[in-house]
Amino acid sequence: MPIPNDFPLHPFKESPSQTAGPYVHIGLTPNFCGITGVYDADLGIGMVNDQTKGERITLEICVIDGGGTPLRDALVEVWQADAEGLYNARNEPRGEADPNFTGWGRVAADGETGIVRFETIKPGPVPFADGRLQAPHINVWIVARGINLGLSTRIYFEDAADDPVLSRMDIQDRKATLIARGGDGKYRHDIHLQGPQETVFFDL
Amino acid sequence: MSSNRAPIASFFPRDRQWHPKPLDPGYKSSVLRAPSRPLVAVANSLSETTGPAFGHDIIGALDNDLILNFAKPGMSAVGERIIVEGRVLDERGLPVPNVLLEFWQANAGGRYRHKKDGYLAALDPNFGGCGRTISDDDGTYAFRTIRPGPYPWPNGPNDWRPAHIHFSVFGQGFAQRLITQMYFEGDPLIPRCPIVRTINDPRAIDQLTARLDMNASVPMDALTYRFDIILRGSRSTLFENRMEGN
């Protein structure tokens, strides 16, 4: 058993995570799995509307396990800045984000293909902790059966040359795992949970 | 969304010994789905310390009542009626107000309303199995449901899940995002469950075990279980001209 190194000083420990299980959709996207009539619509399915500022993009994500099989039961959430680089959050200190952009999306993987599709915009740059600008990126969080604690990663675009996270030594040779492929508003990004192409996941 | 809350400088690091191991051979689904390379540590920026906001306006009248929210008019879900209540706090013990909590569960017989659940227990036509609410100013939340049943699952030849309710919780920053499960005090299946056993420390398992609270129970109606949820703590930004709150 681990030594309770900080128990007396910090009596409140974060609740330990447990897997979202195979039926996470019952709770988070009930309409998607046929439980209709409880909520009008699943949360997070619409990030943009007709008035949203910025370059529209379609982002297709596929999460792939160590056997090369797409996860058909995954749930993916994204969190991103608006076209100006502002987050639509209560604790965004820099100003008001585009009210026509939620910044947050939640989509269940297609039950056949495992593809998760977001209709969104290309985000603007956001400062890093030290004030340098980060390249435009989308924050990604993945849960599914067998994932005991939600996985955090990022998706960058082809213009991600100068970024304080990507330029870290321990990311250099795995940088490609964080950059979406595509252009002309259509991007595809595979997230590998294991193997030679294993995606960089973050301890945030 | 206006800036009505102080920005967060960074979250306390996650204690990954307290959380379950990503790969645990006893829980077979984790074997091909756990990253094998170390996580890359990154300092928090606004990308992690901000998160989506949800208001009470998204919550429907029955969203926190799983006994009625899927039931036909005049009907109600079958099972032992319970109330689950508790507080959302952070690691500093401070309440986390206005966070969205979502929960889902099997019915009283241990069957989920999902086309892939083939367990032979009956589906309850008046039970959907999902609900949601938003924590109050002091972090308090509550909802009403029926006690879910335990069920067998195809992991080992005779593995059973203890009765449990899944919880999904947002915090004030995306890096606080958490999914966990609530277990019920006294359930003999808790220490036998391979998913529970992905957690190393018995005190951490205890933290996920709700306690029966007879004083909060409603006579001739429902038992109450108390379940507090702790999210990551945060360091608030130090403002030179505004020391209060730090």
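These figures come from a predicted structure and were not determined experimentally.

Asker: Please explain the packing of aromatic side chains as it appears in this structure.
Answerer: Each aromatic ring pair is specified by the distance between its two centres and by the angle formed by the two planes. On inspection of all chains with the given rule, the structure shows 16 aromatic pairs over all chains. The interplanar angle of 20° and the centroid separation of 5.2 Å between the aromatic rings of Trp79 of chain A and Tyr87 of chain A together place this pair among those described as stacked. Summarising the aromatic geometry, the rings of Tyr112 of chain B and Tyr151 of chain B are spaced 5.4 Å apart at their centres and angled 75° between planes, so their arrangement reads as edge-to-face. With Tyr112 of chain B in the loop between strand 4 (100-104) and strand 5 (130-134) and Tyr151 of chain B in strand 7 (residues 151-153), the pair connects residues that are 39 residues apart, well separated along the chain. A network of ring pairs unites the aromatic residues Phe103, Tyr141, Phe143, Phe167 and Phe227 of chain B as a single cluster. Above the plane of the ring of Phe170 of chain B lies Arg177 of chain B, whose end atom (NZ or CZ) is 3.8 Å from the centre.

Asker: What should I look at first to understand the UniProt feature "domain: Intradiol ring-cleavage dioxygenases" (unreviewed entry) in chain B in this one?
Answerer: In this structure's numbering, the residues bearing the UniProt feature "domain: Intradiol ring-cleavage dioxygenases" (unreviewed entry) are residues 84-112 of chain B. Between the end C-alpha atoms of residues 84-112 of chain B there is a gap of 19 Å, over a span that is 0% helix and 41% strand.

Asker: For this particular structure, what's the right way to read the pattern of salt bridges?
Answerer: A side chain with one charge may pair with a side chain of the opposite charge, provided their charged atoms come close. Residue and element names in this part refer to chain A. Evaluation of the coordinates by the stated rule reveals 24 salt bridges over all chains. With a closest N to O distance of 3.3 Å, Asp73 and Arg145 form a salt bridge. Of the two residues, Asp73 sits in the loop between strand 1 (56-64) and strand 2 (75-80) while Arg145 sits in the loop between strand 7 (137-143) and strand 8 (151-156), which places them 72 residues apart along the sequence. Glu158 is the partner of Lys122 in a salt bridge, and the nearest nitrogen-oxygen pair spans 3.9 Å. In this pair, Lys122 sits in the loop between strand 4 (115-121) and strand 5 (126-127) while Glu158 sits in the loop between strand 8 and strand 9 (181-183), placing the two residues 36 residues apart along the sequence.

Asker: Got a minute to help me understand the interface of chain B and chain A in this structure?
Answerer: Quoted interface sizes are often the accessible area lost when the parts come together. Counting from both sides, the interface comprises 96 residues of chain B and, opposite them, 77 residues of chain A. Summed over both sides, the interface between chain B and chain A buries roughly 7,900 Å², with carbon and sulfur atoms accounting for 57% of that surface. Counting every contact that joins chain B to chain A gives 7 salt bridges. Notably, a salt bridge pairs Arg16 of chain B with Asp203 of chain A, separated by 2.9 Å at the nearest N-O pair. Seen at the junction of chain B and chain A, the total is 47 residue pairs in polar contact (both at pLDDT 80 or more).

Asker: Please explain the UniProt feature "domain: Intradiol ring-cleavage dioxygenases" (unreviewed entry) in chain A as it appears in this structure.
Answerer: The feature "domain: Intradiol ring-cleavage dioxygenases" (unreviewed entry), as annotated in UniProt, sits at residues 46-167 of chain A in this numbering. Helix and strand shares over residues 46-167 of chain A are 0% and 36% respectively, and the end C-alpha atoms of the span are 33 Å apart.

Asker: How do you make sense of the nonpolar core when you look at a structure like this?
Answerer: Proteins that are soluble and globular tend to have nonpolar side chains buried together. If you look at the biggest cluster of nonpolar residues, it comprises 70 residues, and the most contacted ones within it are Val84, Tyr141, Phe167, Met182 and Phe227 of chain B. At 5 residues, strand 10 (residues 178-184) of chain B tops the list of elements feeding residues into this core. Apart from residues no more than four positions distant in its own chain, Phe227 of chain B is found in contact with Val84, Glu85, Gly86, Arg87, Tyr141, Phe167, Gln181, Met182, Gln207, Leu208 and Ala210 of chain B. Counting 28 residues, the second-largest nonpolar core is a separate cluster that includes Ile61, Leu71, Ala109 and Ile142 of chain A.

Asker: What exactly am I supposed to notice about empty space enclosed by the protein here?
Answerer: It is the rolling of a water-molecule-sized probe over the atoms that shows where space remains empty. Residues and elements named next belong to chain B. Summed over the entire model, instances satisfying the criterion amount to 2 cavities of 30 Å³ or more. The wall of the second largest cavity is formed by Gln105, Ala106, Asn107, Arg111, Tyr112, Arg113, Leu123, Phe127 and Gly128. When its residues are assigned to classes, the lining of the second largest cavity shows 4 nonpolar, 3 polar and 2 charged.

Asker: Sorry, what's going on with the sheet that holds strand 9 of chain A here?
Answerer: All names here are of chain A. Here we have 4 strands laid out as an open sheet, ordered 4-1-10-9, and mixed in their pairing. Edge strands, defined here as strands with exactly one partner in the open sheet, are strand 4 and strand 9. Across this sheet, the average inter-strand angle for adjacent strands is 20°, counted without regard to direction. Two strands pair when backbone bridges link them, and strand 1 and strand 10 (residues 186-192) are joined in this way by 7 bridges, in the parallel orientation. From the neighbouring strand, Glu60 faces strand 10, where its bridge partner is Arg188.

Asker: Any chance you could explain a nonpolar patch on the surface here in plain terms?
Answerer: A surface patch of nonpolar side chains, about 220 Å² in accessible area, is lined by Leu23, Val31 and Leu32 of chain B. Residue position: Val31 of chain B is located in the loop between strand 1 (8-11) and strand 2 (40-41).

Asker: Just checking my understanding: could you explain the confidence of the model for chain B for this structure?
Answerer: A low pLDDT score tells you not to read the predicted coordinates there in detail. Averaged over every residue, the pLDDT of chain B is 94; the share at 70 or more is 94%. Quick note on the complex model: pTM equals 0.95, ipTM equals 0.95.

Conventions we followed
- Residues numbered from 1 in each chain as written.
- Chains lettered and ligands numbered in written order.
- Predicted model: local features only at pLDDT ≥ 70, side-chain atom pairs only at ≥ 80, totals over all residues.
- Heavy atoms only, no water.
- Phe/Tyr/Trp six-rings, centres within 6.5 Å; stacked < 30°, edge-to-face > 60°.
- Helix = DSSP H or I, 4+ residues; strand = E, 2+ residues; numbered from the N terminus.
- Lys NZ or Arg CZ within 6 Å of the ring centre and 35° of its normal.
- UniProt positions renumbered as here; feature names shortened; annotations may be inferred.
- Salt bridge = Lys/Arg side-chain N within 4 Å of Asp/Glu carboxyl O.
- Contact = heavy atoms within 4.5 Å.
- Buried area = accessible area lost by both parts, 1.4 Å probe.
- Polar contact = N/O pair within 3.5 Å; in protein donor to acceptor, adjacent residues only side chain to side chain.
- Core = buried A, V, L, I, M, F, W, Y, C linked by side-chain atoms within 4.5 Å.
- Buried < 20%, exposed > 50% of the residue type's maximum accessible area, 1.4 Å probe, protein only.
- 1 Å grid on protein atoms, 1.4 Å probe; cavity = no way out; pocket = protein on both sides within 12 Å on 5 of 7 lines; lining within 4 Å.
- Points joined across faces, edges and corners; volume = space filled by probe spheres on them.
- Nonpolar A, V, L, I, M, F, W, Y, C, P; charged D, E, K, R; others polar.
- Pairing = 2+ DSSP bridges.
- Axes fitted to C-alpha atoms, helices over the stretch in contact; angles between N-to-C directions.
- Patch = residues over 30% accessible without salt bridge, like charges linked within 9 Å, V, L, I, M, F, W, Y side chains within 5 Å.
- Areas by Shrake-Rupley, 256 points an atom, 1.4 Å probe, with all protein chains shown as cover.
- pLDDT = per-residue confidence, 0-100.

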